[in-house]
Amino acid sequence: MNPPLLVFNEKGIYCAQADVYLDPWKPVDKAIITHGHADHSRWGHQRYITHHTNVPIIKHRLGQINVTGKEWGDTFKVNGVTFSLHPAGHIIGSSQVRVEYQGEVWVFTGDYKTEDDSLAVPYEPIKCHTFITECTFGLPAFKWTPQQQVMANINEWWAENKSEGRCSILFGYSLGKAQRLLKHLDPSIGQIFTHGAIENITQVIRPMANMPSTTLVTKETKKEDFKGAIVLAPPSAHGSTWIRKMVPYVTASASGWMTFRGARRRRAIDKGFVLSDHCDWNGLLQSIEATGAEKVIATHGYTDIFSRYLGELGYDARTEKTQFEGEQAEIETAKETTATE
């Protein structure tokens, strides 16, 4: 019996035949990177391979690295193993990794979502024998409202706050979520301000996406400028001195975790909008079925519950521990959180 094509070890997901790692969390020689979030793209690897639209993103976050960009579906061989990258739909530049050797095909999703957000290239189901899937939101309670309705609700919330003379502060992760929100904000309502962490990465992404114009919050920004405006800020800005001059303001968070009211209360947020860059319960199940895979490996999220349910459906399902943390790990790096107070 041949050894597994991919194994999980102390450094990451490893293909021994090719001596290549997928999203390793410790420094390695050759790393294939699915996307730019900090838990999947780490500093210290000798060589990086990723989708070409992710190259400027990880260079911004990691500095000068040895990185090669690939196009969707382009195959490249390493010691007889064929690799290719395919759209994951998670954020701009996010990929799944297809790995084939001697007729056996594995697919590693990284993070992914099935809803088209008009920014990332939409998720593409890939046929395989073994499917490595995240399950950040792998519970039946997680069922997303269509993006069009969520963004309509956000714009209505902003307009209402403006009519009351308040500033709207909307929290979302600096890479991915913030640009998704920006893409669908209605600039006719008012001015859109951004925190430095969001503005920095948005400027990297602008050449690849059409988004409304923004104004960076600086020390020179006047208190009256915020009246009726909306401010996009990372979650780390909540409760900081940075937002004091925006009073009176109303806060909101856009996250899959806003499904639970308790999450909003714990974060002391006025309003929660359920909007995630990951699959909901139905998205996970439909994606797995579309692959035709018999074996499924569940990582980061509700792994035990989700894999047990897959077993009841007839899949050969198991879990593996990783250092990926899904939506909870999409935080700002020290490099991005430049002082803009």
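Residues numbered from 1 in each chain as written. Predicted model: local features only at pLDDT ≥ 70, side-chain atom pairs only at ≥ 80, totals over all residues. Heavy atoms only, no water.

Engineer: Can you help me understand helix α2 (residues 147-163) in this one?
Structural biologist: Residues spaced three or four apart along an α-helix point in a common direction, a consequence of the helix completing one turn every 3.6 residues. Look at α2: 24 Å from first C-alpha to last across 17 residues, which is about the 24 Å you get at 1.5 Å a residue. Those residues of α2 lying buried are Gln-147, Val-150, Met-151, Ile-154, Asn-155, Trp-157, Trp-158 and Asn-161. In an axial view of α2, the angular spread of the buried residues amounts to 155 degrees, which keeps them on one side of the axis. Residues Gln-148, Glu-156 and Ser-163 are exposed on α2 and point more than 90 degrees away from its buried face. Looking one or two places after α2, you find Gly-165, whose phi comes out positive at around 75 degrees. (Helix = DSSP H or I, 4+ residues; strand = E, 2+ residues; numbered from the N terminus. Expected span 1.5 Å × (residues − 1). Buried < 20%, exposed > 50% of the residue type's maximum accessible area, 1.4 Å probe, protein only. Arc of directions from axis to C-beta.)

Engineer: Can you help me understand the sheet that holds strand β17 (residues 271-273) in this one?
Structural biologist: Two modes of strand pairing occur in sheets, parallel and antiparallel, and in both the strands are linked by backbone hydrogen bonds. Across the sheet, which stays open at both edges, the six strands sit in the order β14-β13-β15-β12-β16-β17 with parallel pairing between neighbours. Looking at strand neighbours, the two that pair on one side only are β14 (215-216) and β17, the edges of this open sheet. One ladder, built from five bridges, connects strand β12 (residues 167-171) with strand β16 (residues 249-254); its direction is parallel. When the sheet's bridge partners are listed, Ile-169 is paired in β16 with Thr-251. Sheet strands touched by α2: β12, β13 (192-194), β15 (230-233), β16 and β17. Its angle to β12, the strand with the most contacts, is close to 150 degrees. Across the face of the sheet, helix α3 (residues 177-184) comes into contact with β12, β13, β15 and β16 while running at roughly 160 degrees to β15. (Pairing = 2+ DSSP bridges. Contact = heavy atoms within 4.5 Å. Axes fitted to C-alpha atoms, helices over the stretch in contact; angles between N-to-C directions.)

Engineer: In this structure, what is going on with the state of the cysteines? I would like to understand it.
Structural biologist: A covalent bond between the sulfur atoms of two cysteines is what we call a disulfide. The tally for this structure, following the rule as stated, stands at zero disulfides. No disulfide involves Cys-135; its nearest neighbouring cysteine sulfur is the one of Cys-279, lying 11 Å away. (Disulfide = S-S within 2.5 Å.)

Engineer: So what exactly am I meant to see when it comes to the pattern of salt bridges here?
Structural biologist: If charged atoms from side chains of opposite charge come close, those side chains can pair. Using the criterion set out here, one finds ten salt bridges in the structure. The partner of Arg-318 in a salt bridge is Glu-320, with the nearest N and O atoms 2.4 Å apart. Judged by relative accessible area, Arg-318 falls into the partly exposed class, the value being 36%. Taken together, the shared-partner salt bridges connect Lys-113, Glu-115, Asp-117, Arg-180 and Asp-277 into one network. (Salt bridge = Lys/Arg side-chain N within 4 Å of Asp/Glu carboxyl O.)

Engineer: Teacher, can you tell me more about the packing of α2 against α3 here?
Structural biologist: The description of two packed helices rests on the angle between their axes and on the distance between the axes. It is at 10 Å that the axes of α2 and α3 come closest, and there the two elements cross at 75 degrees. Classified by the angle between their axes, α2 and α3 sit roughly perpendicular to one another. Mapping the contact onto sequence places Gln-147, Met-151, Ile-154 and Asn-155 in α2 and Arg-180, Leu-181 and His-184 in α3. Of the residues belonging to the contact of α2 with α3, the class tally is three nonpolar, three polar and one charged. (Parallel < 35°, antiparallel > 145°, perpendicular 65-115°, else oblique. Nonpolar A, V, L, I, M, F, W, Y, C, P; charged D, E, K, R; others polar.)

Engineer: How should I be thinking about the sheet that holds strand β1 (residues 7-8) in this particular structure?
Structural biologist: Read from one edge to the other, the open sheet built from six strands follows the order β1-β2-β3-β4-β5-β6, with strand pairing classed as mixed. What marks the edges here is a single partner per strand, and that holds for β1 and β6 (67-70). Here three bridges tie strand β4 (residues 30-32) to strand β5 (residues 47-51), and the two strands are oriented parallel to one another. Across the sheet, the residue bridging to Lys-30 is Arg-47, located in β5. Sitting on the sheet, helix α1 (residues 55-62) is in contact with β5 and β6, with an inclination near 135 degrees to β5.

Engineer: Would you explain the environment of Ile-58 in this entry?
Structural biologist: Among the structural elements, Ile-58 can be located in helix α1. The class of Ile-58 is buried, set by a relative accessible area of 0%. Here the alpha-carbon distance between Ile-58 and Tyr-48, two residues ten residues apart in the chain, equals 9.7 Å. Not counting the four nearest positions on each side in its chain, Ile-58 is found in contact with Gly-36, Ser-41, Tyr-48, Thr-50, Gly-63, Ile-65 and Val-67.

Engineer: Is there a simple way to think about the environment of Ser-94 in this case?
Structural biologist: Along the chain, Ser-94 turns up in the loop between β8 (81-87) and β9 (95-101). Expressed as a C-alpha distance, the spacing of Ser-94 and Ser-240, which sit 146 residues apart in the sequence, is 31 Å. Ser-94 has contacts with Thr-34, His-35, Trp-72, His-86, Pro-87, Ala-88 and Gly-89, leaving out every residue within four places of it along the chain. Only 3.0 Å separates the side chain of Ser-94 from the backbone nitrogen of His-90, close enough to count as a polar contact. A distance of 2.7 Å separates the side chain of Ser-94 from the backbone oxygen of Ile-91, its partner in a polar contact. (Polar contact = N/O pair within 3.5 Å; in protein donor to acceptor, adjacent residues only side chain to side chain.)

Engineer: Help me understand the packing of α1 against helix α4 (residues 196-205), please; the structure alone is not making it clear to me.
Structural biologist: Interaxial distance between α1 and α4 falls to 9 Å at its minimum, and their mutual angle equals 150 degrees. For the pair α1 and α4, the sense of crossing is right-handed. Along its contact with α1, which presents Pro-56, Ile-57 and His-60, the element α4 presents Asn-200, Ile-201, Val-204 and Ile-205. For the contact of α1 with α4, the residue count by class is five nonpolar, two polar and no charged. (Left-handed = near helix turned anticlockwise from the far one by under 90°.)

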